[in-house]
Amino acid sequence: MTFKKKWKILGLSLRCRMRALSRMAYLDNIAVFVRVVELGNLSAAGRDMRISPAVASNRIKELEKHLGVRLFNRTTRQLMPTEHGTVFYSGAKQVLEAVTEAEAAVSALSGQPRGTIKVTAPLGLGRRLVASGIPDFHDKYPDIEVRLRLSDHNVDIMKEGIDVAFRLGIIEDSSLRMRGIMECERVLVAAPKYLEARGEPAEPQELIGKKHDCLMLRYSGAREYVWTLQTADGPRKFEVHGPYDTDDGDVLTGWALSGRGIINKPRFEVEPFIRDRRLKVILPDTPPTPVQFAAVYPHKKLQDPKVRLLLDFMAERCQRLIKDILAGK
């Protein structure tokens, strides 16, 4: 083969590779554009995608140059999509979803799931049950990366691009699919020194008013602002009050342990303190209604196999850990 012919073949191969790389870069640019629209600024999109704001900005500029239009109106704090940007976002979102579904289909056929899963969970539950299982899950499926975000705030799954959210509480969002993990018993508990100082309630009615400090878990988007107890006449709501509240479940438990008031908690979260008598269950005959522990995730035409694997792994693990906690293991 002559040198000229070899050079021609090499040049053709390089051009093919460059076109392939260009298509991949274009897809990356679209992904950055979509996250900037959803999060409102380059910094947030960059953090979400693990790239610098400068790289995110360059990708947006490349996309605008390719399309020949401006996609954002830039202000000092936020990027707002232009009319062209709004129109392009709708189609770009569909393109990314189609690629995701196609990759999921290939993974299902190959039996080798790979990629990244974004997961969120409440702080206390996440630390106790979910976080400790992530390394074990990765050991079992080394081609799957997991990004875990712990927060007691009500995370917007669609806006934040979350694949799976573990939740403990009232779940009403019909736009999401739900997989129930288990129903969890709840209890009202307080420290012995609080009960010595304020008296132990003999009936739920005593929780109303200012006779007792009932400490609440409150945060933006929270749905539960009353305590629903199981009475002889069925579930009944009590509008309890306390001098302060928090958006962190572990802080709430800490306050109760220091004798600051009564809290309403899933039993597995406070069982060790009940067992060592640092907290005492009150009103055992009229306990709070149980709470649902579940995983929620966006509706998709084809469920991603790596998400299904994570759900199966975590459901079994969390059920086992909660049962062990309640059994004192």
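Worth saying up front: this structure is predicted, and the values here are computed from it rather than measured. (Residues numbered from 1 in each chain as written. Predicted model: local features only at pLDDT ≥ 70, side-chain atom pairs only at ≥ 80, totals over all residues. Heavy atoms only, no water.)

Undergrad: Just to check I follow, could you spell out the overall build of the protein chain for this structure?
TA: Across its full length, the protein chain holds eleven helices and 14 strands. In the protein chain, which comprises 329 residues, the proportion classed as buried is 41%. Sequence separation of at least 24 residues holds for 75% of the intrachain contacts in the protein chain that already meet a minimum separation of 6. Only carbon and sulfur atoms are counted for the fraction: they give 53% of the accessible area of the protein chain, which is about 18,500 Å². (Helix = DSSP H or I, 4+ residues; strand = E, 2+ residues; numbered from the N terminus. Buried < 20%, exposed > 50% of the residue type's maximum accessible area, 1.4 Å probe, protein only. Contact = heavy atoms within 4.5 Å. Areas by Shrake-Rupley, 256 points an atom, 1.4 Å probe, with all protein chains shown as cover.)

Undergrad: Looking at this structure, I do not really get the sheet that holds strand β3 (residues 115-121). What am I missing?
TA: Strand pairing in a sheet takes place through backbone hydrogen bonds and is either antiparallel or parallel in direction. One open sheet holds the five strands; their spatial order is β4-β3-β5-β14-β6, and the pairing between them is mixed. Each edge of the open sheet carries a strand with a single partner, namely β4 (144-150) and β6 (176-184). Going across the sheet, the axis of each strand differs from the next one's by a mean of 20 degrees, ignoring polarity. In this sheet, strand β14 (residues 291-298) lies alongside β6 in antiparallel orientation, the contact comprising eight bridges. Following the sheet pairing, Cys184 is matched in β14 by Val291. (Pairing = 2+ DSSP bridges. Axes fitted to C-alpha atoms, helices over the stretch in contact; angles between N-to-C directions.)

Undergrad: Sorry, what's going on with the sheet that holds strand β12 (residues 263-266) here?
TA: As summarised here, the arrangement of the three strands in space is β12-β7-β13, forming an open sheet in which the pairing is antiparallel. Because the sheet does not close on itself, it has two edges, and the strands there are β12 and β13 (280-282). Within this sheet the neighbouring strands show an average axis-to-axis angle of 55 degrees, counted without direction. As paired elements, strand β7 (residues 186-190) and β13 share three bridges and run antiparallel to each other. Looking at the pairing, Val189 lines up with Val281 of β13. Contacting β7, β12 and β13, helix α10 (residues 267-275) runs over the sheet at an angle of about 110 degrees to β12.

Undergrad: Even after reading the chapter, I still don't get the side chain of Glu64, so can you show me in this structure?
TA: Mapping Glu64 onto the fold places it in helix α3 (residues 53-67). Glu64 sits in the buried class, given a relative accessible area of 12%.

Undergrad: Any chance you could explain the confidence of the model for the protein chain here in plain terms?
TA: Detailed conclusions should not be drawn from predicted coordinates in areas where pLDDT is low. Confidence along the protein chain averages 83 in pLDDT terms, with 85% of residues attaining 70 or more. The model gives residues 3-21 a pLDDT under 50, and that stretch makes two contacts with residues more than four places away or in other chains. (pLDDT = per-residue confidence, 0-100.)

Undergrad: Help me out: how do you make sense of the packing of aromatic side chains in this one?
TA: Within a pair of aromatic rings, the relevant descriptors are the distance that separates the centres and the angle that separates the planes. Counting across every chain of the model gives six aromatic pairs. Between Phe33 and Phe88, the aromatic rings sit 5.3 Å apart at their centres with planes inclined by 55 degrees, giving tilted as the arrangement. Here Phe33, found in helix α1 (residues 3-39), pairs with Phe88, found in helix α4 (residues 83-110); they are 55 residues apart in sequence, far enough to count as distant. Phe88 carries the same exposure label as Phe33, and that label is buried. With 5.1 Å between their ring centres and 50 degrees between their planes, Phe137 and Tyr141 make a pair best called tilted. Here Phe137 falls in the buried class, since its relative accessible area comes to 0%. Pairwise contacts between aromatic rings join Phe33, Phe72 and Phe88 into one cluster. (Phe/Tyr/Trp six-rings, centres within 6.5 Å; stacked < 30°, edge-to-face > 60°.)

Undergrad: How do you make sense of the packing of helix α5 (residues 123-130) against helix α11 (residues 305-326) when you look at a structure like this?
TA: Angle between the axes and distance between the axes are the two parameters that describe a pair of packed helices. The geometry of α5 relative to α11 is characterised by a closest axis approach of 10 Å and an angle of 95 degrees between their N-to-C directions. Overall, the two elements α5 and α11 adopt an arrangement that is roughly perpendicular. Between α5 and α11, the contacting residues are Arg128, Leu129 and Val130 on the first element and Met314, Arg317, Cys318, Leu321, Ile322 and Ile325 on the second. (Parallel < 35°, antiparallel > 145°, perpendicular 65-115°, else oblique.)

Undergrad: I would appreciate a short explanation of the packing of α10 against α11 in the present structure.
TA: Following both chains from N to C, one finds α10 and α11 inclined at 25 degrees, their axes separated by 9 Å at the closest point. Taken together, α10 and α11 sit at an angle that is classed as roughly parallel. With respect to the hand of their crossing, α10 and α11 are arranged in left-handed fashion. Where α10 approaches α11, its residues Arg267, Phe268, Glu271, Pro272 and Arg275 are matched on the opposing element by Ile322, Ile325 and Leu326. Taken together, the residues of the contact of α10 with α11 sort by class into five nonpolar, no polar and three charged. (Left-handed = near helix turned anticlockwise from the far one by under 90°. Nonpolar A, V, L, I, M, F, W, Y, C, P; charged D, E, K, R; others polar.)

Undergrad: Hey, could you run me through α10 in this one?
TA: Residue pairs spaced three or four apart in an α-helix point in one direction, given the helix's 3.6 residues per turn. Where α10 is concerned, the buried positions are Phe268, Glu269, Val270, Glu271, Phe273 and Ile274. Just downstream of α10, Arg277 is the residue with a positive phi angle, here 65 degrees.

Undergrad: Explain unusual backbone geometry here, please?
TA: What you tend to see is this: most non-glycine residues have negative phi, and most peptide bonds are trans. One non-glycine residue, Arg277, adopts positive backbone phi at about 65 degrees. Along the chain, Arg277 turns up in the loop between α10 and β13. Positive phi values are uncommon outside glycine, yet Leu283 reaches one of about 50 degrees. Tracing the backbone shows Leu283 in the loop between β13 and β14. Leu283 sits in the buried class, given a relative accessible area of 7%.

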